[in-house]
Amino acid sequence: MFDQNAIKTIAFRAGLARASGQNVPSPCVAICHMDAASGLCAGCLRTLDEIALWSHSSDTEKQRIWAALAQRANDLNPDPQPAGHPTESDL
């Protein structure tokens with residue numbers, strides 16, 4: 001089961017990360033639990049491979065991962081009007 005607040009946070013942060021050109025931030029939101037059905041982290045929506053490779057990935061590859069996360073977040077929460085945007089302290 002995915003945490004809906006985490007999904008909304010990832011969707012919001014994906015937009016910020018795509019605007020970043022260098023030093024792309026990690027998508028980790030400290031909800032580290034793999035969803036058995038999907039193979040995705042319930043917090044950041046990454047696969048185990050994406051998590052393992054993150055620290056060795058180029059900024060371009062990190063941007064590609066963020067784009068995939070944005071799509072996954074959209075697929076899991078198709079509601080275009082989130083309950084509220086996270087504040088910077090949530091990020």
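Everything below is about the structure shown above.
These numbers were taken from a predicted model, which means no experiment stands behind them.

Caption draft 1: Spatial organisation of the overall build of the protein chain. Scanning the protein chain from terminus to terminus reveals three helices and two strands. Walking the protein chain from its N terminus toward its C terminus, one meets helices and strands in the order α-β-β-α-α. Across the 91 residues in the protein chain, those meeting the buried criterion constitute 37%. Long-range pairs, those at least 24 residues apart, make up 60% of the contacts in the protein chain between residues at least 6 apart in sequence. Only carbon and sulfur atoms are counted for the fraction: they give 54% of the accessible area of the protein chain, which is about 5,500 Å².

Caption draft 2: Examining the nonpolar core more closely. Of all hydrophobic cores here, the largest spans 17 residues; its most connected members are Phe-2, Ile-10, Leu-45, Trp-66 and Leu-69. Sorting the residues of this core by element identifies helix H1 (4-19), strand E2 (40-41) and helix H3 (59-76) as the ones contributing at least two each. For this core, the element with the most residues is H3, which contributes five residues. Not counting residues up to four positions away in its chain, the partners in contact with Ile-10 are Pro-27, Val-29, Gly-43, Cys-44, Leu-45, Trp-66, Leu-69 and Ala-73.

Caption draft 3: Spotlight on the pattern of salt bridges. Taken as a whole and judged by the stated rule, the model has two salt bridges. Note that Arg-72 and Glu-50 form a salt bridge whose closest N and O atoms lie 2.8 Å from each other. Linking Arg-72 in helix H3 with Glu-50 in helix H2 (residues 48-53), this pair joins segments that are 22 residues apart in sequence. Each of the two residues, Arg-72 as well as Glu-50, counts as buried. Linking Arg-64 and Glu-61 is a salt bridge whose minimum nitrogen-to-oxygen distance equals 2.8 Å. Of this pair, Arg-64 and Glu-61 both sit in helix H3, three residues apart, roughly one helical turn. Residue Arg-64 is classed as partly exposed on the basis of its relative accessible area, which comes to 44%.

Caption draft 4: Local environment of the packing of aromatic side chains. Counting across every chain of the model gives zero aromatic pairs. Above the face of the Trp-54 ring, Arg-46 is positioned so that its terminal group lies 5.4 Å from the ring centre.

Caption draft 5: Summary view of H3. Between the first and last C-alpha of H3 there are 25 Å, a value that for 18 residues agrees with the 26 Å anticipated at 1.5 Å per step. Among all positions of H3, only Lys-62, Gln-63, Ile-65, Trp-66, Ala-68, Leu-69, Ala-70, Arg-72 and Ala-73 are buried.

Caption draft 6: Focus on a nonpolar patch on the surface. Judged by side-chain polarity, Met-34, Leu-48 and Ile-51 come together as a nonpolar surface patch covering roughly 240 Å² of accessible area. Positionally, Ile-51 belongs in helix H2.

Caption draft 7: Focus on the environment of Glu-50. Taking relative accessible area as the criterion, Glu-50 reaches 9% and is therefore assigned buried. On a C-alpha basis, the gap between Glu-50 and Lys-62 in space is 9.0 Å, while along the polypeptide they are 12 residues apart. Ignoring anything within four residues of it in the chain, the contact list for Glu-50 reads Leu-45, Arg-64, Ile-65, Leu-69 and Arg-72. Separated by 2.9 Å, the side chain of Glu-50 and the backbone nitrogen of Thr-47 make a polar contact.

Rules used throughout
- Residues numbered from 1 in each chain as written.
- Predicted model: local features only at pLDDT ≥ 70, side-chain atom pairs only at ≥ 80, totals over all residues.
- Heavy atoms only, no water.
- Helix = DSSP H or I, 4+ residues; strand = E, 2+ residues; numbered from the N terminus.
- Buried < 20%, exposed > 50% of the residue type's maximum accessible area, 1.4 Å probe, protein only.
- Contact = heavy atoms within 4.5 Å.
- Areas by Shrake-Rupley, 256 points an atom, 1.4 Å probe, with all protein chains shown as cover.
- Core = buried A, V, L, I, M, F, W, Y, C linked by side-chain atoms within 4.5 Å.
- Salt bridge = Lys/Arg side-chain N within 4 Å of Asp/Glu carboxyl O.
- Phe/Tyr/Trp six-rings, centres within 6.5 Å; stacked < 30°, edge-to-face > 60°.
- Lys NZ or Arg CZ within 6 Å of the ring centre and 35° of its normal.
- Expected span 1.5 Å × (residues − 1).
- Patch = residues over 30% accessible without salt bridge, like charges linked within 9 Å, V, L, I, M, F, W, Y side chains within 5 Å.
- Polar contact = N/O pair within 3.5 Å; in protein donor to acceptor, adjacent residues only side chain to side chain.

Taken by themselves, the reported measurements are silent on function.
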